[in-house]
Amino acid sequence: MLIDGKKRTAIWPDPNGEGVFIIDQTRLPHAVETVLLRELADAARAIRDMQVRGAPLIGVTAAYGMALAMRADQSDETMSKAAEILRATRPTAVNLAWALARMTTFLGPMPEPLRRDAAFAFAKHLAEKDVACNEAIGEHGLALIRAAAEKRRGQPVRILTHCNAGWLATVDWGTATAPIYKAQAAGIPLHVFVDETRPRNQGASLTAFELGQQKVPHTLIVDNAGGHLMQRGEIDLALVGADRIAANGDVCNKIGTYLKALAARDCGLPFYVAAPVSTLDFALAEGGLIPIEERAPDEVTFISGLADSGEVIQVRIAPRDTQARNPGFDVTPARLVSGIITEKGVFDARGQALAALA
Ligand code: MRU
């Protein structure tokens with residue numbers, strides 16, 4: 001997708017072979033800065049500190065992290081140590097474990113001297129596959145937006161989204177945004193309502209940024225406004241991403257997603273989840289078993305933003321001794337999900353067909 005009119009991806013190999021570049025997402029939207037990841041520790045830090053975030057991008061960064069570890073030492077021991085370090089960075093998005101499993105299954109049987117180059121090539125292959133999956137999600141989701149557009153008779157289709165399941169959360173296209181970008185390209189009028197997504201505000205800082213760069217009409221709303229807009233008939237459908245989907249179709253995504261799904265059900269609106277098959281975790285029978293990341297309370301008691309000085313600062317918004325709790329994700333039961341849009345088609349979250357993707 002585009003930043004300042006130039007085609008960008010969220011991660012790309014250094015043409016000089018020094019490592020892999022990322023866009024530092026902790027600096028967006030105020031600055032577009034790139035960071036070169038040269039070794040395993042850089043990749044692990046980038047995931048842990050959320051310079052990269054979003055389930056598919058975490059997975060691809062972990063794959064490159066493994067490749068960076070293999071540049072230094074190609075032994076079995078380094079491979080399993082690297083996987084352990086990367087797996088410990090963030091617990092909820094299953095794409096991380098998925099990518100590490102793909103890397104170790106590929107590299108494991110290979111003679112050690114071949115692993116160095118093969119690891120990097122395979123990480124690049126996973127990155128390219130992510131782009132293709134998301135584009136396919138876009139095509140499948142486009143059909144749903146087209147159907148909504150027919151009912152709107154030329155008026156913009158109004159889509160509510162939560163967090164950032166955009167191209168910045170993947171290598172390119174995004175998951176929830178892929179159908180939006182495809183619909184825009186098809187000339188379907190759209191308007192996206194962007195939940196700010198407290199506490200880290202990925203909606204305000206990332207989704208609003210990327211939709212703005214792509215010139216998709218959008219409006220930023222506070223997290224609590226979605227239900228009100230749905231009730232007033234100002235939303236046609238909700239479209240979100242996922243960090244992990246259990247075998248029974250329960251969807252784990254950014255905290256607050258569940259409330260949007262409840263409101264959508266109450267208002268009789270479709271609630272769609274867009275995710276690649278790599279986000280499905282058939283090892284977990286139901287959503288209650290998904291590990292939910294508990295993040296620092298400081299993210300709740302402080303808020304960060306751009307000061308008049310041009311500096312990004314943190315300001316306290318609660319009394320000094322306030323206790324805060326900060327679960328990063330929640331689980332939306334499958335019964336509230338209208339459909340899961342994958343690269344293989346749109347599936348009923350509770351249907352048999354979803355299980356066939358295992
Ligand atoms: O904490 P984050 O920013 O990594 O959370 C991201 C989300 O919850 C996204 O909605 C999800 O990963 C889907 S990304 C295509």
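A few points on the structure. (Residues numbered from 1 in each chain as written. Predicted model: local features only at pLDDT ≥ 70, side-chain atom pairs only at ≥ 80, totals over all residues. Heavy atoms only, no water.)

## Digging into the overall build of the chain
- Helix and strand counts for the chain stand at eleven helices and 18 strands.
- Computed over the C-alpha atoms, the radius of gyration of the chain is 20 Å, within 12% of the 21 Å expected from 2.2 N^0.38 for a compact globule of 358 residues.
- With respect to the principal axes defined by its C-alpha atoms, the chain has extents near 60 × 55 × 40 Å.
- Taken across its 358 residues, the chain has 55% of its residues classed as buried.
- Contacts in the chain between residues at least 24 apart in sequence constitute 74% of all its contacts with a sequence separation of at least 6.
- If you average the places of the 38 positive and of the 41 negative side-chain charges in the chain, the two averages end up 3 Å apart. (Helix = DSSP H or I, 4+ residues; strand = E, 2+ residues; numbered from the N terminus. Rg over C-alpha atoms; globule rule 2.2 N^0.38 Å. Buried < 20%, exposed > 50% of the residue type's maximum accessible area, 1.4 Å probe, protein only. Contact = heavy atoms within 4.5 Å. Lys, Arg positive; Asp, Glu negative; His and termini not counted. Charge placed at Lys NZ, Arg CZ, Asp CG, Glu CD.)

## Let's talk about helix α1 (residues 40–48)
- Among all positions in α1, only Leu40, Asp42, Ala43, Ala44, Ala46 and Ile47 are buried.
- Those residues of α1 hidden inside the fold are in contact with β4 (20–23), β5 (34–37), α2 (55–72), α3 (76–87) and α4 (94–107).
- Following α1 by one or two positions, Met50 has its phi on the positive side, about 60°.

## Digging into the pairing of strand β12 (residues 271–274)
- Burial along β12 is two-sided: Phe271 and Val273 and Tyr272 and Ala274, pointing in opposite directions, are all buried.
- In this sheet, β12 lies alongside strand β9 (residues 237–240) in parallel orientation, the contact comprising three bridges. Across the sheet, residue Val240 finds its bridge partner in β12, namely Val273.
- Summarising the sheet, β12 and strand β17 (residues 339–342) pair through three bridges and their orientation is parallel. Considered in β17, the bridge of Tyr272 is made with Gly339. (Pairing = 2+ DSSP bridges.)

## A short note on the packing of aromatic side chains
- Counted according to the given criterion, the structure contains three aromatic pairs.
- Taken together, a centroid distance of 5.6 Å and an interplanar angle of 20° make the contact between Trp12 and Phe21 stacked.
- A ring pair is formed by Tyr64 and Phe120, whose centres lie 5.3 Å apart and whose planes are at 55°; its orientation type is tilted. In this pair, Tyr64 is assigned in helix α2 and Phe120 in helix α5 (residues 112–152), connecting sequence segments 56 residues apart. (Phe/Tyr/Trp six-rings, centres within 6.5 Å; stacked < 30°, edge-to-face > 60°.)

## A closer look at the sheet that holds strand β6 (residues 157–161)
- Spatially, the seven strands line up as an open sheet ordered β8-β7-β6-β9-β12-β17-β18, and their pairing is mixed. The open sheet has two edge strands with one neighbour each: β8 (218–221) and β18 (345–347). Ignoring which end each strand starts from, the neighbouring axes of this sheet average 25° apart.
- Lying on the sheet, helix α6 (residues 177–185) is in contact with β6, β7 (190–195) and β9; it crosses β7 at an angle near 155°.
- Along the sheet, helix α7 (residues 202–213) contacts β6, β7 and β8; its crossing angle with β7, the most-contacted strand, is approximately 160°. (Axes fitted to C-alpha atoms, helices over the stretch in contact; angles between N-to-C directions.)

## Observations regarding the nonpolar core
- Met66, Met103, Leu107, Val157 and Leu239 are the most contacted members of the largest nonpolar core, which totals 75 residues.
- In this structure Leu107 touches Met66, Met70, Met79, Arg115, Ala118 and Ala119, once residues within four positions along its chain are discounted.
- Counting residues in hydrophobic clusters, the runner-up holds 29 residues, among them Val273, Ala275, Leu280 and Val337. (Core = buried A, V, L, I, M, F, W, Y, C linked by side-chain atoms within 4.5 Å.)

## Some details on α4
- Counted at 1.5 Å a residue, the expected span for α4 with its 14 residues is 20 Å, and the 20 Å between its end C-alpha atoms agrees.
- The inward-facing, buried residues of α4 abut α1, α2, α3, α5, β10 (244–246) and β13 (280–281). (Expected span 1.5 Å × (residues − 1).)

## Brief notes about the site of the ligand
- Of all residues adjacent to the ligand, which total 19 residues, the nearest are Arg53, Arg90, Asp243, Asn253 and Lys254.
- At a separation of 2.9 Å, an oxygen atom of the ligand approaches a polar backbone atom of Ala55.
- Contact between the ligand and Arg90: an oxygen atom at 2.8 Å from a side-chain N or O atom of the residue.
- For the ligand, whose accessible area on its own is 420 Å², the fraction buried by protein is 100%.
- Counting residues per element, the ones that place at least two in the shell around the ligand are α2 and β11 (251–254).
- Taken together, the residues of the shell around the ligand sort by class into eight nonpolar, seven polar and four charged. (Near = heavy atom within 4 Å. Polar contact = N/O pair within 3.5 Å; in protein donor to acceptor, adjacent residues only side chain to side chain. Areas by Shrake-Rupley, 256 points an atom, 1.4 Å probe, with all protein chains shown as cover. Nonpolar A, V, L, I, M, F, W, Y, C, P; charged D, E, K, R; others polar.)

## Some words on the environment of Leu336
- Among the structural elements, Leu336 can be located in the loop between β16 (329–332) and β17.
- Residue classification places Leu336 among the buried residues on the basis of a relative accessible area of 3%.
- Linking Leu336 and Asp250, residues 86 residues apart in sequence, is a C-alpha distance of 8.9 Å.
- In contact with Leu336, not counting residues within four places along its chain, are Tyr258, Ala261, Leu262, Arg265 and Phe271.

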